[in-house]
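# Close look at the chain arrangement
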Protein chains: 2
Amino acid sequence: MAMKQVACSAIKAVANSGSSSVLTRQLHVSPGSKKIVGVFYKANEYFTKNPNFVGCVEGALGLRQWLESQGHQYIVTDDKDGPDCELDKHIPDLHVLISTPFHPAYVTAERIKKAKNLQLLLTAGIGSDHVDLKAAAEAGLTVAEVTGSNVVSVAEDELMRILILVRNFLPGHHQVISGDWNVAGIAYRAYDLEGKTVGTIGAGRIGKLLLQRLKPFNCNLLYHDRLKMDPELEKQTGAKFEEDLDAMLPKCDIIVVNMPLTEKTRGMFDKHRIAKLKKGVLIVNNARGAIMDTQAVADACSSGHIAGYSGDVWFPQPAPKDHPWRYMPNQAMTPHISGTTIDAQLRYAAGVKDMLERYFKGEEFPVQHYIVKEGELAPQYR
Amino acid sequence: MAMKQVACSAIKAVANSGSSSVLTRQLHVSPGSKKIVGVFYKANEYFTKNPNFVGCVEGALGLRQWLESQGHQYIVTDDKDGPDCELDKHIPDLHVLISTPFHPAYVTAERIKKAKNLQLLLTAGIGSDHVDLKAAAEAGLTVAEVTGSNVVSVAEDELMRILILVRNFLPGHHQVISGDWNVAGIAYRAYDLEGKTVGTIGAGRIGKLLLQRLKPFNCNLLYHDRLKMDPELEKQTGAKFEEDLDAMLPKCDIIVVNMPLTEKTRGMFDKHRIAKLKKGVLIVNNARGAIMDTQAVADACSSGHIAGYSGDVWFPQPAPKDHPWRYMPNQAMTPHISGTTIDAQLRYAAGVKDMLERYFKGEEFPVQHYIVKEGELAPQYR
């Protein structure tokens, strides 16, 4: 695409955001060289195709020269699972682990126990559920992510997926590439988005951006969250607050999942809850795969109770070849991609650099980036 | 989907629109039984899957009982091309031909010459370029379409296609269904829509709806048309008028084609014009396939000059199995579908019924529906 230069300026914008403050964290002022490990997806032949492709192993978030020039050690790998993986070799002596939701390094209690030097876990992106947050808190660690870095990316992607499902895009495209032409086979279940009821579970940063983008489509917009939105934004989007989730869900033609994976939300869409949804409901989930009961979703797509399911999140990731969501009918799935556009990569790379700079100087991070702050969990994860 | 009931009320809304007026057209007052022929796509097994599926041969726009109860003859077919096709059998004595852009009955000068009783050509949908308008005008015929019936449907679909191309959706989905997982292979050319320059050629009904839906995405919006938009709408969308098309095009990351096919626009995207576009441009064309030089588009997709091309319009339709757009890289094509969602079908079926009622009574149609009015071409087709 012709738009590389647009994204470049994002680095500066994000790097300059957030509060700067004085030394407060003993943990951060331990001097000397640090061992930093980054776990990213590997690009191989794709790396050289785009100079802004920083989010992969080869791109290493664009931090190598900067880190090494300051005497730090910087190991980058995609080898994160199984016995003798590269990540496990560095667990005993690393100080900082940078990981992403797209190719998650599962930071278990066992790994945390072995990581005697570990101080800081940084998520390049949003969503740190691949870390055992309870174990991290008990060990007094800090877990932080680049809040806001890819919320626009994800909200855009959700709206795309809503349209792909409502308008029944994929069967038409598959006809084209297989030499067919059968308009009826698409049209009998293709609809306009206009006039339909769309409910978002969660109206945080991403949910709000989605509602704003949905506004001109003249839908009936609903949202469920712990708290009501700012009245101004409620007025702007026309979205109605639904305090009781299970009262909202059966009203929805389209449900969008926009909440973090926590012990409360894990598996919340089980077969019982799905059975209470409208027959023919469409679901978009770019939040986390484990919020769904995998088999219950596959069964409901097969029965037609769910008429379409689209998302980019799975459990585990990478999704195994036999994951049932690959083969269920009426799915519009992709690998975990929505938050790792080139524009998003440049923003979260800038955000990670900013936090590392503050860490080296012993400064606070922007407050909204903390998931666990020196052993204390952020409220939404408690 | 669970939303059938929403669309039903559309019939009444559209049937009641437009002006009603007294007898003015001699052509329309010839009394007695009329022979009406409808050419639609065939649904086969899909017809029974949705009670609102009226746009197919079997659904016959829901007009059969009404027409036959008034003594009219109503023939419906999908057999429109080649020697001895069903349509040609009825050409000599039909009074009204109803056709659609989705499965176009090509009304050539030759057919018009043979159609001695023909008075009225109705397009169920928008876009009557499958009719030789010059020949229809010379024969003193009336050509009318259901202006507005599916403009929302098409604008929604265009925004979906913009997102599919910008975010590089399809390669990710193809990985899923073929058992792969390679985030890098998608991410190296996936972008956010935010901040990009989108230009629409044509800011008529569809173009305006698209600009309104693009507004919250924070793009740089441009439009080219014969006339500037209403200043209020320009302010609301933030879109900038570009008087000179060839000055606008090289500024665009994404180009959307939103103008009718006329002798002026036929083949306007030839290899010379394409060569002047930004390298890596994305093009969405739900207008008409013949606005493009077919081979020039395929060549530019192969070379990478066009980084993505999506649309639902082809020439001819149905697209032959060897149409080069089926096999060119980075295409997100479907059969002609965007304007024939279930919601749109109900609206254009209502609009056709309304015009037939007026025709039987010798009343005027809503003025915006005329393409040729008793031999006189509408201004945009002159």
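Residues numbered from 1 in each chain as written. Chains lettered and ligands numbered in written order. Predicted model: local features only at pLDDT ≥ 70, side-chain atom pairs only at ≥ 80, totals over all residues. Heavy atoms only, no water.

With that settled, the discussion passes to the UniProt feature "site: Important for catalytic activity" (unreviewed entry) in chain A. All names here are of chain A. Taken from the UniProt record, the annotation "site: Important for catalytic activity" (unreviewed entry) applies to Arg 288 and His 336. What stands out for the annotated residues spanning 49 residues is how close their C-alpha atoms remain, the widest pair being 9.6 Å apart. Within the secondary structure, Arg 288 sits in the loop between β10 (281-285) and α14 (294-303). Since its relative accessible area comes to 11%, Arg 288 is described here as buried. When near neighbours in sequence (up to four residues on either side) are disregarded, Arg 288 contacts Pro 101, Ile 126, Gly 127, Asp 129, Leu 261, Val 313 and His 336. A polar contact is formed between the side chain of Arg 288 and the backbone oxygen of Gly 127, at a distance of 3.4 Å. (UniProt positions renumbered as here; feature names shortened; annotations may be inferred. Helix = DSSP H or I, 4+ residues; strand = E, 2+ residues; numbered from the N terminus. Buried < 20%, exposed > 50% of the residue type's maximum accessible area, 1.4 Å probe, protein only. Contact = heavy atoms within 4.5 Å. Polar contact = N/O pair within 3.5 Å; in protein donor to acceptor, adjacent residues only side chain to side chain.)

With that settled, the discussion passes to the environment of Tyr370(A). All names here are of chain A. Examined against the element boundaries, Tyr 370 turns out to sit in strand β12 (residues 370-373). Placed 133 residues apart in sequence, Tyr 370 and Thr 237 show a C-alpha to C-alpha distance of 29 Å. Within the local environment of Tyr 370, its side chain forms a polar contact with the backbone nitrogen of Phe 365, the two atoms lying 2.8 Å apart.

This part is about the domain arrangement of chain A. Residues and elements named next belong to chain A. Split into domains, chain A comes out as domain 1 (35-147 + 341-381) and domain 2 (150-333). Spacing between the C-alpha centres of domain 1 and domain 2 amounts to 29 Å. Listed as interface residues are 18 residues of domain 1 and, on the opposing side, 13 residues of domain 2. Summing the contributions of domain 1 and of domain 2, the shared interface buries around 1,200 Å²; its carbon and sulfur component is 51%. The largest contributions to the domain 1 side of the interface with domain 2 come from Tyr 106, Ile 126 and Asp 129, which together make up 36% of the buried area. There are one salt bridge connecting domain 1 and domain 2. Linking Arg 288 and Asp 129 is a salt bridge whose minimum nitrogen-to-oxygen distance equals 2.6 Å. Counting across the domain 1 and domain 2 interface gives seven residue pairs in polar contact (both at pLDDT 80 or more). When grouped by side-chain class, the residues that make up the side of domain 1 that touches domain 2 number eight nonpolar, seven polar and three charged. (Domains from an automatic or database assignment. Buried area = accessible area lost by both parts, 1.4 Å probe. Salt bridge = Lys/Arg side-chain N within 4 Å of Asp/Glu carboxyl O. Nonpolar A, V, L, I, M, F, W, Y, C, P; charged D, E, K, R; others polar.)

A word on empty space enclosed by the protein. Scanning the model with the defined rule gives three cavities of 30 Å³ or more in all. Taken as a whole, the largest cavity encloses approximately 60 Å³ of empty space. Around the largest cavity, the lining comprises 13 residues; the ones closest to its centre are Asp157(A), Ile337(A), Arg167(B), Asn168(B) and Phe169(B). Within the residue set of the lining of the largest cavity, elements represented by two or more residues are α7 (151-166) of chain A together with α8 (169-177) of chain B. The element contributing the most residues to the lining of the largest cavity is α7(A), with three residues. Looking at the lining of the largest cavity residue by residue, the classes come out as five nonpolar, five polar and three charged. Quantified by volume, the second largest cavity comes out at close to 50 Å³. Looking at the second largest cavity, the residues that line it are Arg167(A), Asn168(A), Phe169(A), Gly172(A), Ile186(A), Asp157(B), Met160(B), Arg161(B), Thr334(B) and Ile337(B). Put simply, the parts of the chain that give the lining of the second largest cavity at least two residues each are α8 (169-177) of chain A together with α7 (151-166) of chain B. Ranked by residues supplied to the lining of the second largest cavity, first place goes to α7(B) with three residues. (1 Å grid on protein atoms, 1.4 Å probe; cavity = no way out; pocket = protein on both sides within 12 Å on 5 of 7 lines; lining within 4 Å. Points joined across faces, edges and corners; volume = space filled by probe spheres on them.)

With that settled, the discussion passes to the interface of chain A and chain B. With 84 residues of chain A in contact, the opposing surface of chain B contributes 85 residues. Of the roughly 7,300 Å² buried between chain A and chain B, counting both surfaces, carbon and sulfur atoms make up 66%. Where chain A packs against chain B, one counts 10 salt bridges. Counting across the interface, chain A meets chain B through 38 residue pairs in polar contact (both at pLDDT 80 or more). Mapped by element, the contributors of at least two residues to the side of chain A that touches chain B are α1 (4-8), α7, α8, α9 (183-187), α10 (205-214) and α15 (342-361) of chain A. The element that contributes the greatest number of residues to the side of chain A that touches chain B is α7(A), accounting for 10 residues. Residues belonging to the side of chain A that touches chain B are distributed by class as follows: 42 nonpolar, 22 polar and 20 charged.

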